[in-house]
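Report on the structure
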Amino acid sequence: MRPIHKGTLTIRLSEIRDARELIVLDNMIWTEETTPGPLMWRSREDFLLHAPPGSQLVAVQDGVLCGYVGFGNPDGMESHRHVCEINIAVHPDYQRQGIGRALIAAIKQHAAQYGIRKLRLRALSCNAPALAFYRKCGFREEGRLREEFYLGGRYVDEVYMSCMLNGGKSYGGRFA
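A brief report on the enclosed structure follows. (Residues numbered from 1 in each chain as written. Predicted model: local features only at pLDDT ≥ 70, side-chain atom pairs only at ≥ 80, totals over all residues. Heavy atoms only, no water.)

1. Section: the overall build of the chain
Here is the rule we go by: Runs of H or I in DSSP of at least four residues are treated as helices and runs of E of at least two as strands, each being numbered from the N terminus. The atom set for the radius of gyration is the C-alpha atoms, and the globule formula is 2.2 Å times the number of residues raised to the power 0.38. Exposure categories follow from relative accessible area, calculated using a 1.4 Å probe and restricted to protein chains: below 20% of the type maximum is buried, above 50% is exposed, and the middle band is partly exposed. All accessible areas in this document rest on Shrake-Rupley with a 1.4 Å probe, and a residue is counted as covered only by the protein chains that are shown. Asp and Glu count as negative and Lys and Arg as positive, but His and the ends of the chain are not part of the count. One atom stands in for each charge, and that atom is NZ of Lys, CZ of Arg, CG of Asp or CD of Glu.
The secondary structure content of the chain amounts to 4 helices and 8 strands. Mapped in sequence order, the helices and strands of the chain form the string β-β-α-α-β-β-β-α-β-α-β-β. By the compact-globule yardstick of 16 Å for 176 residues, the chain fits well, its C-alpha radius of gyration being 16 Å. Viewed in the frame of its principal axes, the chain has a C-alpha envelope of about 45 × 35 × 30 Å. The proportion of buried residues among the 176 residues of the chain is 44%. A total of about 9700 Å² of accessible surface is found on the chain, and carbon and sulfur atoms cover 50% of it. Here the chain contributes 23 positively and 19 negatively charged side chains, and the mean placements of these two sets differ by 9 Å.

And the structure:
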């Protein structure tokens with residue numbers, strides 16, 4: 001993927017040099033309001049094993065990594081190669097500035113180039129701002145696992161959402 005430049009914002013594939021900033025962002029963003037369990041990387045190597053370079057699009061504004069969208073095949077099955085599961089995080093200081101929308105637009109474009117037909121994601125029902133954001137970006141609820149998690153003294157649903165793409169004519173490529 002060629003980097004996308006929008007003013008002072010650049011969106012590009014992640015590189016090994018981004019690992020530290022991505023770990024810091026994960027620790028900041030993924031809380032009981034946004035994920036069913038804490039995201040704890042034991043080491044930089046552990047992070048890179050689970051999120052290797054090139055498995056995220058990162059947003060860099062004025063030299064600061066301020067967000068990312070991770071992507072990959074949901075389960076590695078050949079029959080599932082047209083589907084890409086995503087997760088997105090934007091640093092709180094950079095939220096509501098269009099960076100999340102730019103990342104979603106970039107992953108849609110990137111995925112479609114590889115024949116991906118469907119982007120999917122999961123979110124907690126208690127994360128109303130994220131659900132509203134995903135809807136604004138064209139995602140629709142496909143299903144819900146009721147009371148899937150017990151967080152903060154209450155039961156929380158896991159919401160499955162997807163967005164259909166006009167990927168290439170082929171049946172998915174080697175994307176992630």
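2. A short note on the nonpolar core
As a reminder, the rule being used: Among buried residues, those of type Ala, Val, Leu, Ile, Met, Phe, Trp, Tyr and Cys that are joined through side-chain atoms within 4.5 Å constitute a nonpolar core.
Formed by 32 residues in total, the largest nonpolar core has its most connected members in Ile 86, Leu 103, Leu 119 and Phe 139. Secondary-structure elements contributing two or more residues to this core are strand 2 (9-13), strand 3 (56-61), strand 4 (64-72), strand 5 (83-90), helix 3 (99-113), strand 6 (118-124), helix 4 (128-136) and strand 8 (154-164). Sort the elements by how many residues they give to this core and helix 3 lands first, with 7 residues. Ala 19, Ile 23, Leu 25 and Leu 65 belong to the second largest nonpolar core, which has 14 residues in total.

3. Side note on the packing of aromatic side chains
Put simply, the rule reads: Aromatic rings from Phe, Tyr and Trp, taking only the six-membered ring of Trp, are treated as a pair when their centres fall within 6.5 Å; an angle between ring planes under 30 degrees marks them as stacked, one over 60 as edge-to-face, and anything in between as tilted.
Summed over the entire model, instances satisfying the criterion amount to 4 aromatic pairs. Seen in terms of ring centroids, Trp 41 and Phe 47 are 5.3 Å apart; in terms of plane orientation they differ by 85°. Their pairing is edge-to-face. Members of the aromatic cluster, connected to one another through ring pairs, are Phe 133, Tyr 134 and Phe 139.

4. Quick notes on helix 4
To be explicit about the condition: Think of the arc as the fan of directions from the helix axis to the C-beta atoms. It only takes one pair of heavy atoms within 4.5 Å for two residues to be counted as in contact.
Every buried residue belonging to helix 4 is among Ala 130, Leu 131 and Tyr 134, and all of these are buried. With its buried residues spanning 100° around the axis, helix 4 presents them on a single face. Relative to its buried face, helix 4 has exposed residues pointing more than 90 degrees away, namely Pro 129 and Lys 136. In this structure, the buried side of helix 4 is in contact with strand 5, strand 6 and strand 8. Phi turns positive one or two residues past the end of helix 4, at Gly 138, with a value near 95°.

5. Description of the environment of Arg 101
Mapped onto the fold, Arg 101 is located in helix 3. Along the sequence, Arg 101 and Ile 29 sit 72 residues apart, while their C-alpha atoms lie 17 Å from each other.

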